[in-house]
Structures are given as C-alpha cells and as structure tokens.
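Structural characterization, general
Below, each chain spelled out in residue letters.
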Amino acid sequence: MSSVPIVIVGGGFAGFWAAAAARRVAPKAAISLLSPLDALVMRPRLYEADPHTLAAPLRPLLQPLGVDLVLASANGIDPAARLVHTDDPTSASLPYDQVVIATGSVMRRPAVPGAADAYSIDTQAEAIELDRALAGLAGRDPLTIAVVGAGFTGLELALELPARLAAHGRPSQLAPARIVLIDRAPVLGAELGEGPRPVIEDAVDRAGVERRLGVTVTALGRDVVHLEGGRPLSADAVVLCTGLAAAPFAGLPDARRDEAGRLEVDPYLRVSTQPGIFAAGDAAAADTGGGHRTLQSCQHALQTGRVAGENAARAALGLALVTYRQPNYVTCLDLGAAGAVLTRGWDREVVDAGGSAKQRKRTINTSVIYPDASHGAEGLLRQSRLDPAERG
Ligand SMILES: Cc1cc2nc3c(=O)[nH]c(=O)nc-3n(C[C@H](O)[C@H](O)[C@H](O)COP(=O)(O)OP(=O)(O)OC[C@H]3O[C@@H](n4cnc5c(N)ncnc54)[C@H](O)[C@@H]3O)c2cc1C
C-alpha cells in the first residue's frame with residue numbers, strides 16, 4: 001500500500017479523533033496533525049476552577065498512533081496543488097491527498113467599542129487570565145462581576161463564580177459578590193429552549209444572580225458595561241460569553257458556509273465543492289440525519305471528527321465512504337450549587353436535574369471528553385470506532 005498523506009488541521013476534539021479514526025482505517029498512511037499548541041484543550045470545562053489544568057498534551061496521544069504532530073498554524077490551502085500552507089518556515093507547506101479541516105471556533109466578540117478589553121473564557125489562556133483576575137478580586141467588597149451573554153457558557157460561568165471566588169479565599173463574612181448576567185435576549189438560555197428554562201431560572205434565583213435581559217450592550221471595557229437606554233453598569237470585571245463562530249481557517253476554501261462561518265458538508269462530511277477536503281466539529285455544518293444541523297458542541301465534534309477521519313482515510317484508499325448520522329442529542333448544563341440539568345432530544349425534554357445530573361456532568365467533564373490512553377494505541381483505535389447506533 002502506498003503511503004498517502006492525510007493532513008488534519010486542528011488538534012481539538014474533532015481533529016484528534018479524526019486522526020485516530022484515519023489511523024484505524026489506513027494503518028500505513030502518513031498522517032499529520034497541525035496544531036499551534038501541543039494541547040488538546042478541554043474547552044467545555046473553561047468555566048471551571050483551575051483552568052491551567054484543563055488540557056491534555058497531544059504528543060503522547062498521537063505518538064502511539066504514529067501521527068505526526070506539526071506545531072504550526074495553517075494559513076492557506078491550495079486545493080489544485082493539494083497543499084496546506086503553514087506559518088512555520090520549517091514545515092512551510094504540507095502536501096495532502098485528503099485533508100480534514102477541524103479548526104474549531106472562536107468567540108464572537110460584539111462589534112462595540114471596548115469589546116477587545118473584556119475578559120473571556122474562549123481559550124485556555126483567556127480562562128487563565130480571568131482566573132488570575134478572580135484571585136485578585138476575591139477579597140474586594142463590594143464586588144461586582146458582569147457576565148455578558150446568558151447562553152450555555154454564560155450561565156455555567158455565572159453560576160460557578162461564587163464557588164470559584166470562595167476557592168480563591170473570599171472571606172465568608174463579606175457580602176456575596178454581585179453577579180449580573182446580561183443578554184439582549186428576553187430570556188435566560190434562549191438557545192436552550194423552553195424545556196430546561198424553569199430549572200435554569202430557579203438555579204439563577206437561588207444563586208442570587210441578577211438578570212439584565214432584553215438589553216443591548218453598546219460599549220464596554222474591563223470595568224464597565226454601557227447599555228442602550230440605561231445607566232452604565234460599573235463592575236470589577238466584565239466577562240464576555242457571546243457565542244461562537246467558525247475559526248478563520250474555515251473561511252479559506254472556496255465553499256458554501258452558514259451564518260456562523262461553518263463549512264457546509266455533504267452526508268460524508270466532504271466539502272463537496274472541493275475534492276479531497278473534509279470538515280468536522282465546530283468548523284462544519286452537517287445534517288445529523290434527522291433534519292437537524294450539528295451544533296457547535298462537543299458531542300458533535302467527537303462524532304463528526306471520527307467520521308471525517310474515517311472517510312478521509314477511506315477516500316485515500318479508494319474505499320466506500322460511511323454516512324454521518326447522529327440522531328441522539330443530549331445537553332447537560334452545569335448550574336453551580338444547584339447541580340445541573342440534563343435534557344434529551346432536540347426538544348430538550350428535562351430528564352434529570354440537581355445532584356444526579358451534576359454527577360453526569362462531572363462524568364462528561366472528567367472522563368467522557370478525555371481520550372483514554374491507558375490501553376495505548378489499541379485502546380485509542382477502539383475508541384475511534386463509530387458508535388454502531390449512530391453509524392450510517
Ligand atoms: C467556555 C466553553 C464552554 C463550552 N461548553 C460546552 C458544553 O458544555 N458542551 C458542549 O458540547 N460544548 C461546549 N462548548 C463547545 C465545545 O467546546 C466545542 O464545540 C468543541 O470544543 C469543538 O471541538 P472542535 O475540535 O471542533 O474545535 P476546538 O475545540 O475549538 O479545537 C479546534 C482546534 O483547532 C486549532 N486551530 C484553529 N485554527 C487553526 C489553524 N489555522 N491551524 C491549526 N490549528 C488551528 C485550535 O487551536 C484548536 O486547538 C463550550 C465551549 C466553550 C468555549
């Protein structure tokens with residue numbers, strides 16, 4: 001068998017599992033994974049304490065699989081020459097037979113003055129920066145923290161802040177920190193639908209988190225939020241949790257994209273306008289098979305990564321491709337001291353809440369999303385298999 005080059009761009013959940021699945025299908029292929037950092041960042045955990053611990057080194061995961069880690073960012077793609085260009089002069093351009101674009105997403109900072117100055121938890125470095133700020137603020141009284149964006153991430157962060165300030169030594173005799181959740185949507189967790197909303201509202205009330213809903217932010221900084229038609233809100237820290245868009249690399253191929261900048265892919269996760277290009281994770285917009293589009297979520301990144309990697313290897317070897325389908329959908333939202341809420345299905349029917357749902361969230365965050373390298377390459381290749389229930 002010839003050694004066909006397969007290049008994976010991005011070392012997040014989708015990219016890592018694409019590499020493992022490609023290796024399972026094509027044992028002799030030359031597989032490279034491009035990532036600016038030797039780290040699989042546990043992005044869904046970045047609202048938690050100790051963000052400096054929330055990554056796993058990529059090299060020890062890729063080495064047993066015989067996948068070459070290229071520490072660089074991709075900054076161009078030439079589909080005619082089948083080359084991925086990088087910002088590293090030593091690896092300059094990588095030839096590919098098949099490429100998987102798994103470059104993930106970045107937070108959409110609002111287009112208002114001062115937005116660049118606010119904290120965020122989009123990357124591990126940003127989450128660490130916020131954590132340092134919280135450590136410095138923990139003893140301040142009064143203390144106000146504004147969280148802009150009351151979606152999934154903003155809710156998890158706001159509800160986790162009291163425990164994080166306490167862990168940073170906030171004296172219990174001080175007044176509780178004032179935490180203000182701000183959103184232009186008129187409800188909390190607008191994108192989560194009505195099912196879990198009563199549980200979320202109850203958790204927010206019990207935590208004493210203030211709401212400023214249905215308001216538009218017109219300008220901000222690290223210590224102030226200006227609201228349309230209202231008085232500015234002074235804060236000791238302002239954190240943005242304002243949603244995700246595809247990272248810029250997905251904008252390079254000549255292809256169709258959705259409003260979040262994600263590459264439209266066919267049922268095999270091919271960017272169908274471009275031969276030899278697959279996309280997965282937050283960089284791709286795929287049909288889950290039941291009429292719903294993938295979301296920028298871990299469960300979709302883990303599975304689309306596996307399918308795109310498997311199909312890139314199949315295409316390289318001239319084998320039939322497998323169809324991506326993932327009808328099952330769950331969400332598990334951390335509610336801080338109130339536990340968590342678990343929903344099932346696209347209508348987000350609440351199936352569990354409180355302490356037992358929190359156990360489930362802990363399992364997801366500390367086990368499910370981590371590759372288990374304890375059984376070496378064999379174990380990783382086994383985990384790269386597609387779930388038979390969701391295999392096309
Ligand atoms: C704070 C936060 C909380 C979240 N909570 C949840 C949750 O509870 N549940 C859930 O399902 N999802 C959650 N998400 C979303 C989830 O993290 C993403 O859906 C998931 O990380 C997507 O995986 P990915 O591999 O597609 O992208 P990413 O994890 O973003 O990884 C992409 C990788 O590609 C790299 N990259 C980007 N551009 C290039 C380039 N040009 N060249 C080389 N490499 C590049 C990046 O450095 C990154 O390492 C959360 C996200 C955040 C930020």
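Chains are numbered independently. Their residues run from 1 in the order of the written sequence. In view of the model being predicted, local features appear only for residues whose pLDDT reaches at least 70, and side-chain atom pairs are presented and counted only at 80 or more, with totals across whole chains, interfaces and linings using the full set of residues. The side-chain values count all of the structure's non-hydrogen atoms but skip hydrogen atoms and water molecules.

1. Thoughts on the site of the ligand
Heads up, the rule is: Whether a residue is near a molecule or strand is decided by its heavy atoms; if any one of them lies within 4 Å of it, the residue is near. Nitrogen and oxygen atoms within 3.5 Å of one another constitute a polar contact, given that in protein one can donate a hydrogen and the other can accept it, and given that sequence-neighbouring residues count only through two side-chain atoms. Secondary structure elements are defined from DSSP: runs of H or I of at least 4 residues count as helices, runs of E of at least 2 residues count as strands, and each element is numbered from the N terminus. Residue polarity follows a fixed list, in which Ala, Val, Leu, Ile, Met, Phe, Trp, Tyr, Cys and Pro are nonpolar, Asp, Glu, Lys and Arg are charged, and the others, Gly among them, are polar. The split of the chain into domains comes from an automatic or database domain assignment.
Near the ligand, the surroundings consist of 30 residues, among which A14, R43, A74, D282 and C298 are the closest. At 3.3 Å from an oxygen atom of the ligand is found a main-chain nitrogen or oxygen belonging to Q296. In this structure, an oxygen atom belonging to the ligand sits 3.1 Å away from a main-chain N or O atom of S297. Every element with two or more residues in the shell around the ligand is listed here: α1 (13-25), α4 (152-167) and α6 (298-317). Here the shell around the ligand takes three residues from α4, the largest share from any one element. Here the shell around the ligand is composed, by residue class, of 14 nonpolar, 11 polar and five charged. Composition of the shell around the ligand by domain shows at least three residues from each of domain 1 (5-107 + 244-326 + 374-383) and domain 2 (115-240).

2. Remarks on helix α3 (residues 124-137)
What sets the pattern is the α-helix's 3.6 residues per turn: residues three or four places apart point alike. For clarity, the threshold we go by: Expected span of a helix: the number of residues minus one, times 1.5 Å. Burial here depends on accessible area, computed with a 1.4 Å probe over protein chains only, as a share of the maximum for the residue type. Under 20% is buried, over 50% is exposed, and the range in between is partly exposed. Note on definitions: a residue-residue contact is assigned when non-hydrogen atoms from the two residues lie within 4.5 Å.
Taking 1.5 Å as the rise per residue, α3 with 14 residues should run 20 Å; its terminal C-alpha atoms sit 20 Å apart, in good agreement. Among all positions in α3, only Q124, A127, L130, D131, A133, L134 and L137 are buried. Those residues of α3 that are buried are in contact with β3 (40-41), β4 (55-56), β11 (119-120), β12 (144-148), α4 and β18 (237-240).

3. Topic: the pairing of strand β24 (residues 340-344)
Each regular strand shows side chains that alternate between the opposite faces of the sheet. Heads up, the rule is: Whether two strands pair comes down to DSSP finding at least two bridges between them.
β24 sits mainly inside the fold: four of its five residues count as buried. Where strand β23 (residues 330-334) and β24 come together, five bridges link them in antiparallel fashion. Paired with T331 across the strands is T343, a residue of β24. Hairpin connection from β23 to β24: five residues lie between these consecutive antiparallel strands, with G336 at a positive phi of about 60°. Counted along the chain from β24 to the antiparallel partner strand β25 (residues 349-354), the turn is four residues long, and its residue G345 has a positive phi close to 85°.

4. Observations regarding the sheet that holds strand β13 (residues 178-183)
Sheets are built from strands that pair by backbone hydrogen bonding, the pairs being arranged parallel or antiparallel. Read across the sheet, five strands follow the order β11-β18-β12-β13-β14 without closing on themselves; strand pairing throughout is parallel. Only two strands of the sheet have a single partner each, and these edge strands are β11 and β14 (210-213). Pairing geometry for β13 and β14, over four bridges, is parallel. Bridge pairing in β14 links L181 to R211.

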